Amino acid sequence: MSSKIIKLKDAKPIENLTLAYGHFTTIHPGHIRYLKHAKAQGNVLAVALIGDGEGESERRYQFKQKERAEALAMIEMADAVILLQDNELSQAIKILMPNLLVLGKEYENSMDKEILEATSILRGQGKTVEFHAGEIHYATTDLLSRSEKELIKDRRVKFKVACKRQNLDLNKLLNSMEAWQNSRLAVLGDTIIDQYAACEAVGMSAEAPVVVVRELEHKNFIGGAAVVASHIRALGAKCDLISVVGNDKTAEIVHADLNKRNIGNHLVTDNSRPTTFKKRYVVENQKLFRVSRLEDHLLSQDIEQQILDKLEEIAPQVNGIVISDFVYGVVTKKILEAVRSLAEKHKLLLFGDLQCSSQVGSIMRFKGFSLLCPNEREARIALQDKDTGLEILSKNLVRRTESQRLIMKLGAEGFIAYDRNSSNEMDSQAFPALCVNPLDVAGAGDSLLALMATGLASGEPMMATAAIGCCMASIAVETMGNTPIAKSVLTNNLIEVLEK
């Protein structure tokens, strides 16, 4: 056992000490943020680690205290890990005599006896108690301090550790992928054509402070719900797409692509809107700006009824329905109600992702789904919560939406997978972002949603599917534009990551 790990009965006072506290059942980016903040407040950081308890007070955590302590000890921020028998924080305060106690935001209004006693002791000594979840960032600065090679190695180690903790090896993951061919999914949502225009910089305009570029070449990519369907098909599962397009040449691109990939084509033509089209101007792999051509009004009753009819037709033939909602008006309240009703009638799994980076929307619309895949910003907006730690934020979202499982996407920090155990409690596992210098992050969420839906609809376990999804997302961001990822490509990547 690491020399950092100390039993409470063997502990002694530590000068200039900041004390953190928790169970740390799995170390994820939310814990790292909390510990970074605590470390920044003093020269020495100790973590009082809640124990497993004994007898009737035995605590049911995903991992035993010894495993949790070893994981904490590996983190450079923690100078000492203090093993509590149960949750005797007040006793740890009396022995260690910290200058500062940093607790997570979830403890701020706690009526727990130990928390109240511990904070009372410190304040009575004129010491400080702070409630903080750590700084929230939606980007990373890792490349400023470490080389790309070092970061790749570090993240692959973290990925292997995550797999080991979930008792996953390469053979188990490869076997899990074999089940995908037996599933069939319906994808419902907004269809988008993404056009990338490769340009060269000419200079600045003489008339105004405007960058001038010359377009050299452009290429179209299927996006939105259509690329989710394309990913699912490329992974080996059968798939049908239900969506709305305009009466235009852009729609012809979508029809041709679906037919080429053998995806069930259930597109409805809406003469009142163009097919959603987004054009990105790129110079030397750097995006300059995007121009969007779209209408986001709700569907007319006639178009909405056509969608409902197609859902009724397809539902008995599939294992699940995937909702890819970009809030452009296709996924109406009535359609969502119909989806939930059909899922209950035919015992279907429901998978949902709602993207509202530049639109008004909320993941709270999706109630009772089998899996939701929001990013942290979307979750905080939906819950109107900018301060709570990640663990509590995620569990609040699960509770409010009555979702069975959750993928909390964290951008450059990867994602956290939440699944229910045999006691109907939420277990979690963090997976790192394996690509440290992505070329285009636009399609990462689509690829992850597609893979999670494919795996779970095939009856495969959540954590095994999430591990494979980690590799899927890393491949998706390594190329410019949304390109469906074949099962063979994913297999080779998984072997490379786990065997090197």
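Now for a quick tour of the structure. (Residues numbered from 1 in each chain as written. Predicted model: local features only at pLDDT ≥ 70, side-chain atom pairs only at ≥ 80, totals over all residues. Heavy atoms only, no water.)

Focus on the sheet that holds strand β13 (residues 286-293)
Here's step 1: Across the sheet, which stays open at both edges, the four strands sit in the order β9-β8-β12-β13 with mixed pairing between neighbours. Taken across any chain shown, the strands that pair with only one partner, and hence form the sheet edges, are β9 (211-224) and β13. Within the sheet, the average angular offset between the axes of one strand and its neighbour, ignoring direction, is 20°.
Here's step 2: Judged from the 13 bridges that link them, strand β8 (residues 191-204) and β9 form a sheet pairing that is antiparallel. In the strand pairing of β9, A198 is matched with E217.
Here's step 3: Most of the contacts of helix α7 (residues 225-234) go to β9, to which it runs at about 60°, and overall it touches β8 and β9. (Pairing = 2+ DSSP bridges. Helix = DSSP H or I, 4+ residues; strand = E, 2+ residues; numbered from the N terminus. Axes fitted to C-alpha atoms, helices over the stretch in contact; angles between N-to-C directions. Contact = heavy atoms within 4.5 Å.)

Regarding unusual backbone geometry
Here's step 1: The residue F24 is not glycine, and still its phi comes out positive at about 45°.
Here's step 2: Summarising the element assignment, F24 is placed in the loop between β2 (17-22) and α1 (29-39).
Here's step 3: For K347, which is not glycine, the phi dihedral falls at a positive 55°.
Here's step 4: Relative to the elements of secondary structure, K347 occurs in the loop between α10 (333-346) and β15 (349-354).
Here's step 5: Given a relative accessible area of 72%, K347 falls into the exposed group. (Buried < 20%, exposed > 50% of the residue type's maximum accessible area, 1.4 Å probe, protein only.)

A word on the packing of aromatic side chains
Each aromatic ring pair is characterised by the separation of its centres together with the angle its planes make.
Here's step 1: Enumeration over the complete set of coordinates arrives at eight aromatic pairs.
Here's step 2: Measuring from ring centre to ring centre gives 5.7 Å for Y21 and Y107, while their planes differ by 55°; the resulting arrangement is tilted. A residue pair is termed long-range when its members are at least 10 positions apart, and Y21 in strand β2 and Y107 in the loop between β5 (100-103) and α4 (113-124) qualify at 86 residues.
Here's step 3: A relative accessible area of 17% places Y107 in the buried class.
Here's step 4: Where F415 meets F431, the ring centres are 5.5 Å apart and the plane angle is 35°; that geometry is what we call tilted. Taken together, the residues span a long stretch of sequence, with F415 in strand β18 (residues 415-420) and F431 in strand β19 (residues 426-431) at a distance of 16 residues.
Here's step 5: One aromatic cluster in this structure is built from F159, F415 and F431.
Here's step 6: The residue whose ring lies beneath R165 is F63, and the NZ or CZ to ring-centre distance is 3.8 Å. (Phe/Tyr/Trp six-rings, centres within 6.5 Å; stacked < 30°, edge-to-face > 60°. Lys NZ or Arg CZ within 6 Å of the ring centre and 35° of its normal.)

Things to note about the side chain of D270
Here's step 1: By the element assignment, D270 lies in the loop between β11 (264-269) and β12 (276-283).
Here's step 2: Within the structure, D270 has its side chain in polar contact with the side chain of R273 (distance 3.1 Å).
Here's step 3: When neighbours within four sequence positions are excluded, D270 is seen to be in contact with V244, V245, G246, N247, L299 and I303. (Polar contact = N/O pair within 3.5 Å; in protein donor to acceptor, adjacent residues only side chain to side chain.)

A short note on the nonpolar core
Here's step 1: Counting residues in hydrophobic clusters, the biggest one holds 61 residues, and the most contacted among them are F159, I407, F431 and L490.
Here's step 2: The biggest single contributor to this core is helix α14 (residues 462-476), with 11 residues.
Here's step 3: The residues contacting I407, other than those within four sequence positions of it, are L371, L372, C373, P374, F415, I416, A417, L448, M452, M462 and A466.
Here's step 4: Membership of the second largest hydrophobic core comes to 46 residues, among which are V318, I321, I335 and I363. (Core = buried A, V, L, I, M, F, W, Y, C linked by side-chain atoms within 4.5 Å.)

What about empty space enclosed by the protein?
Here's step 1: Counted according to the given criterion, the structure contains one cavity of 30 Å³ or more.
Here's step 2: Within this model, the largest cavity holds a volume of roughly 60 Å³.
Here's step 3: Forming the boundary of the largest cavity are D190, T191, V244, V245, G246, R273, P274, T275, T276, E295, Y328 and V330.
Here's step 4: Its residues assigned to classes, the lining of the largest cavity shows five nonpolar, four polar and three charged. (1 Å grid on protein atoms, 1.4 Å probe; cavity = no way out; pocket = protein on both sides within 12 Å on 5 of 7 lines; lining within 4 Å. Points joined across faces, edges and corners; volume = space filled by probe spheres on them. Nonpolar A, V, L, I, M, F, W, Y, C, P; charged D, E, K, R; others polar.)

Notes on the packing of helix α6 (residues 170-178) against α14
Here's step 1: One can describe the packing of α6 onto α14 by two numbers: an axis separation of 10 Å at closest approach and a directional angle of 95°. Considered as vectors, α6 and α14 are oriented roughly perpendicular to each other. Facing L173, S176 and M177 of α6, the residues of α14 in contact are A464, A467 and I468.
Here's step 2: Residue composition of the contact of α6 with α14, grouped by class: five nonpolar, one polar and no charged. (Parallel < 35°, antiparallel > 145°, perpendicular 65-115°, else oblique.)

Topic: α7
Here's step 1: Summarising burial for α7: eight of the 10 residues are buried, a large majority.
Here's step 2: The complete set of buried residues in α7 reads A225, A226, V227, V228, A229, S230, H231 and I232.
Here's step 3: G236 occupies a position one or two residues after α7 and carries a positive phi of about 110°.

Considerations on the sheet that holds strand β3 (residues 44-49)
Here's step 1: Ordered by their spatial adjacency, six strands build an open sheet running β1-β4-β3-β2-β5-β6, and the pairing between neighbours is parallel. With partners counted over all chains shown, the strands left at the sheet margins are β1 (5-7) and β6 (128-131), one partner each. In this sheet, adjacent strand axes meet at a mean angle of 25° when their direction is disregarded.
Here's step 2: As paired strands, β1 and strand β4 (residues 80-83) are joined by three bridges and run parallel to one another. For I6, the partnering residue across the bridge sits in β4 and is I82.

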